[in-house]
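# Close look at the chain arrangement
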Amino acid sequence: MTALLTLSDMGVEIGRTRLLDGVSLTLDRGEILGLVGESGSGKSLTALAITGLLPLIGGRISAGSLRFDGTELTTLPEAERRRLRGKRIGFVMQNPMTALDGVQRIGEQVDVVSRLHLGLSPDAARLRTLDLLAQLRIPEPAAVAQAYPHQLSGGMKQRIVIAMALAGEPDLIIADEPTTALDVTVQAQIIQILTQLARQRGLALLLITHDMGVVAQVCDRVAVLYAGRIAEMRAVSPIFAAPAHPYTAALIGCIPRAGMAPGSLHGIPGAVPTAGRYPEGCRFHPRCAAAADACRQGHPALSRLADGGAVACHFPLTEAP
Ligand code: SF4
């Protein structure tokens, strides 16, 4: 089966600085792929590249290929990319206020997506909006449709943004840390609603997060990004059972677990290098306890594991059975 989304050796630059390098990943129809890594690893840049919004921050795809449902997006004219965005590719941003217009009623903002992309009449679009709000478990959808964004809580606003992403009947949703701006009490609810709706509708979902606990619960596969490169990409069960990349192992080691002794939770020493100032060789080597001379000299290529996953490390922790 051909993947719905395929990134092959994709590079992204802002000015002359290469921020993403050789990023390769695939996403199948109906699959939930977690894209994880610390801040500064390049997760949001990957989302902007897929949605065609890099020019908003002065960026561009400078190398490789980005294919969506058989169409090469790197050479697609902007007018066609705009048609894809919102209709076939929905985008849920970190901060709902970035996506919502503060002076327009909620109903009008959701209606416009299905009017524009599905050609619905105003009445049909409103019926569809109310149905979507109900599916997102928003109480009193008709009253909420008449409200302005500032009258809603952060969690409600993010549900509206998800409704807008779903309104064009997309095949793929990119959700970029969709709960970061929300209270911890509503974060789990939003993730649960989003992933349930994706499963029910058979949508592909690229869930960008720094939370490995969320990945373990809701994703099928995970791609780990470090300093603009893919470190490891595998199905969720094997990666949590036996991570192959030391960075993946370190991220998993940061997940708090019930019954842990006080003081036994450790972070990863050091920090993600600044973009454009990446160390020679493996970019993780200054933070890696297993680093050897070979790691400081050549960057490890992404190589296949026996379980179908891939890892970029000279000395992987495990060879999958
Ligand atoms: Fe660590 Fe070397 Fe693997 Fe990089 S290549 S993660 S430094 S062992």
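Before going into details, it helps to say that this report is about the structure given with it. (Residues numbered from 1 in each chain as written. Predicted model: local features only at pLDDT ≥ 70, side-chain atom pairs only at ≥ 80, totals over all residues. Heavy atoms only, no water.)

### Side note on the site of the ligand
Close to the ligand lie His245, Pro246, Cys282, Phe284, His285, Cys288, Ala290, Ala291, Cys295, Pro300, Cys313 and His314, which account for all nearby residues. Here the shell around the ligand is built from residues that sort into nine nonpolar, three polar and no charged. (Near = heavy atom within 4 Å. Nonpolar A, V, L, I, M, F, W, Y, C, P; charged D, E, K, R; others polar.)

### Quick notes on the packing of aromatic side chains
How two aromatic rings sit relative to each other is given by the distance of their centres and the angle of their planes. For the structure on display, the rule yields three aromatic pairs. Among the aromatic side chains, those forming a connected cluster through ring pairs are Tyr226, Tyr247 and Phe284. (Phe/Tyr/Trp six-rings, centres within 6.5 Å; stacked < 30°, edge-to-face > 60°.)

### Some words on the pattern of salt bridges
Side-chain pairs of opposite charge can arise where the charged atoms are in close proximity. This structure, assessed with the given rule, holds 20 salt bridges. For aspartate 21, the salt bridge identified is with arginine 18, shortest N-O distance 2.8 Å. A relative accessible area of 17% means that aspartate 21 is categorised as buried. The salt bridge partner of glutamate 72 is arginine 67, with a shortest N-O separation of 3.7 Å. Arginine 67 sits in the partly exposed class, given a relative accessible area of 36%. (Salt bridge = Lys/Arg side-chain N within 4 Å of Asp/Glu carboxyl O. Buried < 20%, exposed > 50% of the residue type's maximum accessible area, 1.4 Å probe, protein only.)

### As for the sheet that holds strand β9 (residues 221–226)
Reading across from one edge, β6-β7-β8-β3-β9-β10-β12-β11 is the order of the eight strands in this open sheet, with mixed pairing throughout. The open sheet terminates on both sides in strands that have one partner only, identified here as β6 (89–92) and β11 (303–304). Here two bridges tie β11 to strand β12 (residues 310–311), and the two strands are oriented antiparallel to one another. Residue serine 303 lies in a different strand from β12, and its bridge partner there is valine 311. (Pairing = 2+ DSSP bridges. Helix = DSSP H or I, 4+ residues; strand = E, 2+ residues; numbered from the N terminus.)

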